[in-house]
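# Reading the structure
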Amino acid sequence: MTGLRILLMPNFTKPRTCELLRELCRRMAELGMTAVAPSADAAAMAAAGIGPVEDGGEGAEAAAAGCDLLLSIGGDGTMIHSACCAAQADRPVVGVNLGRLGFLAQIEAEELEKYLLRLRSGDFTRERRYAIQARLLGKGCQGLPFAINDIVFTKAPDQNLADFEILCNGRLVDRYGADGVIFSTPTGSTAYALSAGGPVMDPTLQTITMIPICPHSIAIRPIVFGGDKTITLRSGGELQAVADGARRVTVPAGTAAVIGGSPLSPEFISFGENEFFEILTAKIKQRG
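What you see is a predicted model; the values in this text were computed from it and never measured.

## Points about the overall build of the chain
For the chain, the count of helices and strands is seven helices and 20 strands. Taken over the C-alpha trace, the chain has a radius of gyration of 20 Å; the compact-globule value for 288 residues is 19 Å, and the two agree within 12%. Its C-alpha atoms give the chain principal-axis dimensions of about 60 × 40 × 30 Å. Burial analysis of the chain (288 residues in total) assigns 51% to the buried set. For the chain, restricting intrachain contacts to residue pairs at least 6 apart in sequence, the fraction spanning at least 24 positions comes to 67%. Carbon and sulfur atoms provide 50% of the accessible area of the chain, an area that totals close to 12,800 Å². Treating the 27 positive side-chain charges of the chain as one cloud and the 31 negative ones as another, the clouds have centres 3 Å apart.

## Topic: the packing of aromatic side chains
Under the definition given, this model contains three aromatic pairs. Between Phe-153 and Phe-183, the aromatic rings sit 5.9 Å apart at their centres with planes inclined by 85 degrees, giving edge-to-face as the arrangement. Taken together, the positions of Phe-153 in strand S10 (residues 150-155) and Phe-183 in strand S13 (residues 180-184) put the pair 30 residues apart, joining distant regions of the chain. You can call Phe-183 buried: its relative accessible area is 0%. Arranged with centres 6.5 Å apart and planes meeting at 50 degrees, the rings of Phe-164 and Tyr-176 form a pair that is tilted. Within this pair, whereas Phe-164 is found in strand S11 (residues 162-168), its partner Tyr-176 is found in strand S12 (residues 171-178), the two being separated by 12 residues in sequence. We classify Phe-164 as buried; its relative accessible area is 2%.

## Some remarks on the side chain of Asp-244
Structurally, Asp-244 can be placed in the loop between strand S17 (239-243) and strand S18 (247-251). Polar side-chain contacts of Asp-244 include one of 3.0 Å to the backbone nitrogen of Ile-148. The residues contacting Asp-244, other than those within four sequence positions of it, are Ile-80, Phe-146, Ala-147, Ile-148, Asn-149 and Asp-150.

## Section: unusual backbone geometry
The omega torsion across Gly-51 and Pro-52 is 5 degrees, close enough to zero to call that bond cis. Inspection of the secondary structure puts Pro-52 in the loop between helix H2 (39-47) and strand S3 (54-55). A positive phi angle is found at Asn-169, which is not glycine, with a value near 50 degrees. With respect to the helices and strands, the residue Asn-169 is situated in the loop between S11 and S12. Not every positive phi belongs to a glycine, and Asp-244 is a case in point at roughly 55 degrees.

## Regarding the nonpolar core
Counting 30 residues, the largest nonpolar core has Ile-6, Leu-8 and Leu-24 as the members making the most contacts within it. Elements with a contribution of two residues or more to this core: strand S1 (5-10), helix H1 (17-30), strand S2 (34-37), H2, strand S4 (69-74), strand S5 (92-97) and helix H5 (112-121). Counting residues per element, this core draws most heavily on H1, at five residues.

## Describing the sheet that holds S11
Here we have six strands laid out as an open sheet, ordered S9-S8-S19-S16-S11-S12, and antiparallel in their pairing. Since the sheet does not close on itself, it has two edges, and those belong to strand S9 (144-147) and S12, each with one partner. Neighbour to neighbour, the strand axes of the sheet diverge by 20 degrees on average, direction disregarded.

## Side note on the packing of H1 against H5
Close contact between H1 and H5 brings their axes to 11 Å; oriented N to C, the two are set at 35 degrees. The crossing of H1 and H5 is right-handed. Between H1 and H5, the residues in contact are Leu-20, Leu-24, Arg-27 and Met-28 and Leu-112, Glu-113 and Leu-116, respectively. Residue composition of the contact of H1 with H5, grouped by class: five nonpolar, no polar and two charged.

## So, the sheet that holds strand S14 (residues 207-213)
Overall, antiparallel pairing links the six strands, which are arranged S15-S14-S13-S10-S17-S18 in an open sheet. The open sheet has two free edges, formed respectively by strand S15 (223-226) and S18, since each of these has just one partner strand. The average undirected angle you get between the axes of adjacent strands in this sheet is 20 degrees. With five bridges connecting them, S10 and S13 associate as antiparallel partners. Residue pairing across strands places Phe-153 opposite Val-181, the latter belonging to S13.

Definitions and cut-offs
Residues numbered from 1 in each chain as written. Predicted model: local features only at pLDDT ≥ 70, side-chain atom pairs only at ≥ 80, totals over all residues. Heavy atoms only, no water. Helix = DSSP H or I, 4+ residues; strand = E, 2+ residues; numbered from the N terminus. Rg over C-alpha atoms; globule rule 2.2 N^0.38 Å. Buried < 20%, exposed > 50% of the residue type's maximum accessible area, 1.4 Å probe, protein only. Contact = heavy atoms within 4.5 Å. Areas by Shrake-Rupley, 256 points an atom, 1.4 Å probe, with all protein chains shown as cover. Lys, Arg positive; Asp, Glu negative; His and termini not counted. Charge placed at Lys NZ, Arg CZ, Asp CG, Glu CD. Phe/Tyr/Trp six-rings, centres within 6.5 Å; stacked < 30°, edge-to-face > 60°. Polar contact = N/O pair within 3.5 Å; in protein donor to acceptor, adjacent residues only side chain to side chain. Core = buried A, V, L, I, M, F, W, Y, C linked by side-chain atoms within 4.5 Å. Pairing = 2+ DSSP bridges. Axes fitted to C-alpha atoms, helices over the stretch in contact; angles between N-to-C directions. Left-handed = near helix turned anticlockwise from the far one by under 90°. Nonpolar A, V, L, I, M, F, W, Y, C, P; charged D, E, K, R; others polar.

Right, dumping it as structure tokens:
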């Protein structure tokens, strides 16, 4: 894959980002690959003496459309943001881990040279990941069209407890009180869902796992739904809904939220060396 165009998606808040970008851009040019960045990032890199890098224009989504793949540089949060851009542009994405755990980023900074060569030669596979969305069935309500990790519904700050009614394909699943409910993808099963007592899922599956947050009953447990199911959530009080810990909307009292598969599904680049459960074991031990 000579002449490969790679959109760089850096997180400049990480201490090692500029150092890595400087070496990365230099080495990409030597290998005949073109480093591209959205205008704001390209300007920041130029000001820091990092290059060569091509200005891909305003907006990561538009820049991604003119590239072959995206390279996320940061932690899992950066990878999640990059995955959304990649899904919208229908381009694959791979991550360089400069964060702590890095469940999603396959490349450690020290191994970057090795994997650049594999990207150039096309020695990788693509792994489609299931994503979810939440539609709000209320006039003027804005939904959440994409989440690669999870969508979390929580009680309003002035509420002691939220009441939830859950239906699957129109049939009642349960009613209970809780601080909130997590709807997780398999990719997100090692994130908030894991901390809340959810199961670890193979990330290549297409499922939606529902995990209650501090339910007011010891009988309430996580449930795994098939990815083709439509789940409806209602509450008598106002809720906050957050996709991937970043995009937030308010759900008015009584408004139905419909959770299901997103039309956007990112492709992650895989090098086939570290299987998911090997990475999981290493990262969990690292976490302690």
